[in-house]
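Reading the structure
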Amino acid sequence: MMEFKGKGVCSAIAIGHARVIKKQAPSVQKREIIDTEGEILRYLRAKDKATRALRDIHARALVEVGEANAQIFEIHLMMLDDEDYTDSVFSIIRNQKVNAEWAISVTCSNFAELMSTMNDSYMRERASDIRDISSRLISCLTGEGGAQESGEKCIICADDLTPSETVTLDKKTVLAFLCAHGSSSSHSAILARSMGIPAIIGLGDEFLESVTDGALMLVNGYTGEVVIEPNDEQIKRYEALLADDINKKELLKNLKGKDTITLDGTRISLYANIGGTHDIAEALFCDAEGIGLFRSEFLYLNRDDFPSEDEQFASYKKVLESMGEKRVIIRTLDIGADKQASYFDIPREENPALGFRAIRICLARPELFKTQLRALYRASAFGNLGIMFPMITSIHEVERALDICAEVKYELDTKGIAYSKSVEIGIMIETPASAIISDSLAPLVDFFSVGTNDLTQYTLACDRQNGLLDDFCDTHHEAVLRLIELSAKNAHKSGAWIGICGELASDISLTERFLKMGIDELSVSPSYILKVRDAIRKIDLSK
Ligand code: PEP
Ligand code: MG
């Protein structure tokens, strides 16, 4: 028995036998060519064949994983047509008088190397796409295929899978896929999530060296654990987990596409919380009716400098386009406290949770704020956007934020840049101060969204990062619930709507109470959506 741990990118359990794919880069021999124009013709025929195959995969992906996720294959088609790539292949064939396979493999390593050293993470990820299309071209020339499926149910174990390999996996026979390498934001991971195939990445080289074809395996996509040749007790435990997982999936199947409505006919908006574009597929897969909280600060973390306006615009636009007409609430930068980025140069604070964070930074550094707002308003032309300000405590903060929004819109108007005129503006209710003066704040905005994580921390004076306080931090504390109720009453008095986007939104023991308060929207992690929908559909508010 051997155990490995990687990163689960699609939550599910699987029990089955391994099928190891040790992919070898297509073996390319250098050959001297006399008829170079004939070789170029050979390349063009292979390119035609690769294009047709990719069009088929794209069509299959549209059905399997939807338009947004299928886009990667459009990118591959564009790469196949890329002039620089083709010119490089042609010039190597003509100048070095070598075969097309060799010219492709040299071009591939040059382009992939260049891309993998770029600062832009998007461009870095394209290096694997270049390798993917190059192998496809070489296979078309040599007639050697990629990973073939045996038709028997199996757990695929590989070094890494390309997006096209992922999307062509047969869902009926592939129980799970396990990769020694890979990244959770890669397209393959996104595709796996949206296809619902249990997947774990980053299991390490030792994993691939240890697993043999046919070995019995246990896979836990929730925790990233893999067991090779398990003992009886582990098998029993996983069988129970699998049965539980299947029950959950049944629940999921039954509730997908159903309305989020109580027995007496009250409709609730059930949205997803996301941290970036990589979460969209899961939100859609779990049937999110909108995005209730996009924590935009994640765009600012794990990097050395501020994201540019265009970079932010691209992310916001992608979320908005992917969600179509559904509402997307993007929270402006909530940096500070537990989410620090050194390049902000925030001096060390004794109490960062009570310090220079969120809207306070944005109002103190309006240029920074305006860059984000410009990106948001530009993106608003592509969907149904709501902008939300975090950590509000006073009326003047909201008024100042609204003034800055007006300045940004004026600037866009003068430059003739399009934006939506119906962007909703909201604030987070996550400080006791904002809940207490919610009667004065509501007339200024279109909606409130209650951040119960911070509201609980600030109301109960319990640092949310401090594990020692778990016994004191009663998440159902009456003080917190009454502040939510007060905010709901004041929101509705002014014609604003109110949602909850903190963790309490997915606590189904409180769902009925929230609905009785008049909460209009709940925004939860994608994996909780159907559980909360199930709870809502069993509530009768008329009783
Ligand atoms: C909250 O405070 O409840 C919230 C949703 O915001 P975050 O958890 O990102 O602070
Ligand atoms: Mg918060």
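Attention in this report is confined to the structure presented alongside it. (Residues numbered from 1 in each chain as written. Chains lettered and ligands numbered in written order. Predicted model: local features only at pLDDT ≥ 70, side-chain atom pairs only at ≥ 80, totals over all residues. Heavy atoms only, no water.)

**A word on the overall build of the chain**
- The secondary structure content of the chain amounts to 19 helices and 16 strands.
- Its C-alpha atoms give the chain a radius of gyration of 26 Å, near enough to 24 Å, the size a compact globule of 543 residues would have.
- Taken along the three principal axes of its C-alpha coordinates, the chain extends 80 × 65 × 45 Å.
- Buried residues in the chain amount to 51% of all 543 residues.
- The long-range fraction of contacts in the chain, counting pairs at least 24 apart against all pairs at least 6 apart in sequence, stands at 69%.
- Of the roughly 24,700 Å² that the chain leaves accessible, carbon and sulfur atoms contribute 49%. (Helix = DSSP H or I, 4+ residues; strand = E, 2+ residues; numbered from the N terminus. Rg over C-alpha atoms; globule rule 2.2 N^0.38 Å. Buried < 20%, exposed > 50% of the residue type's maximum accessible area, 1.4 Å probe, protein only. Contact = heavy atoms within 4.5 Å. Areas by Shrake-Rupley, 256 points an atom, 1.4 Å probe, with all protein chains shown as cover.)

**Looking at the side chain of Thr 371**
- As for its placement among the helices and strands, Thr 371 is situated in helix α12 (residues 366-380).
- Among residues more than four places away in sequence, those in contact with Thr 371 are Glu 309 and Gln 312.

**Thoughts on the packing of aromatic side chains**
- Scanning the model with the defined rule gives 12 aromatic pairs in all.
- Ring centres 5.9 Å apart and planes at 90 degrees place the aromatic pair Tyr 43 and Phe 90 in the edge-to-face group. Note that Tyr 43 is positioned in helix α1 (residues 36-80) and Phe 90 in helix α2 (residues 83-96), a separation of 47 residues in sequence.
- Its relative accessible area of 17% is what places Phe 90 among the buried residues.
- Between Phe 294 and Tyr 316, the ring centres sit 6.0 Å apart and the planes meet at 80 degrees, which makes this aromatic pair edge-to-face. (Phe/Tyr/Trp six-rings, centres within 6.5 Å; stacked < 30°, edge-to-face > 60°.)

**Here's the deal with the coordination of the magnesium ion (ligand 2)**
- Distances from the magnesium ion (ligand 2) to its protein donors, Glu 430 (OE) and Asp 454 (OD), fall at 2.1 Å. Residue Glu 430 is found in the loop between β13 (424-429) and α14 (432-436), and its partner Asp 454 is found in helix α16 (residues 452-460); the two are separated by 24 residues along the sequence. (Donors = N, O, S within 2.8 Å, 3.2 Å for Na, K, Ca; no water.)

**Let's talk about the nonpolar core**
- Ranked by internal contacts, the top residues of the largest apolar core, which has 88 residues, are Phe 344, Phe 389, Ile 484, Phe 514 and Leu 522.
- With seven residues, α12 is the single largest residue contributor to this core.
- Once you skip the residues sitting within four places of it in the chain, Phe 344 turns out to touch Tyr 300, Phe 306, Leu 333, Ile 335, Ile 361, Arg 365 and Leu 368.
- Ile 57, Ala 70, Tyr 85 and Phe 111 belong to the second-largest nonpolar core, a separate cluster that totals 34 residues. (Core = buried A, V, L, I, M, F, W, Y, C linked by side-chain atoms within 4.5 Å.)

**Here's the deal with the environment of Arg 295**
- Mapped onto the elements, Arg 295 comes out in strand β10 (residues 291-295).
- Exposure remark for Arg 295: the relative accessible area of 18% places this residue in the buried category.
- For the pair Arg 295 and Ile 329, spaced 34 residues apart in sequence, the C-alpha to C-alpha distance is 9.3 Å.
- Contacts of Arg 295, omitting those with residues within four sequence positions, involve Asn 273, Ile 274, Gly 275, Arg 331 and Asn 453.

**Some remarks on the side chain of Ser 134**
- As for its placement among the helices and strands, Ser 134 is situated in helix α4 (residues 121-142).
- For Ser 134, a relative accessible area of 2% translates into the label buried.
- Side-chain polar atoms of Ser 134 contact the backbone oxygen of Ile 130, separated by 2.7 Å.
- Look past the residues within four positions of Ser 134 in its chain and what remains in contact with it is Tyr 85, Ile 104 and Cys 108. (Polar contact = N/O pair within 3.5 Å; in protein donor to acceptor, adjacent residues only side chain to side chain.)

**Observations regarding helix α19 (residues 529-537)**
- Within α19, seven of the nine residues are buried, which leaves it mostly tucked inside the rest of the structure.
- Taken together, the buried positions of α19 are Ile 529, Leu 530, Val 532, Arg 533, Asp 534, Ala 535 and Ile 536.

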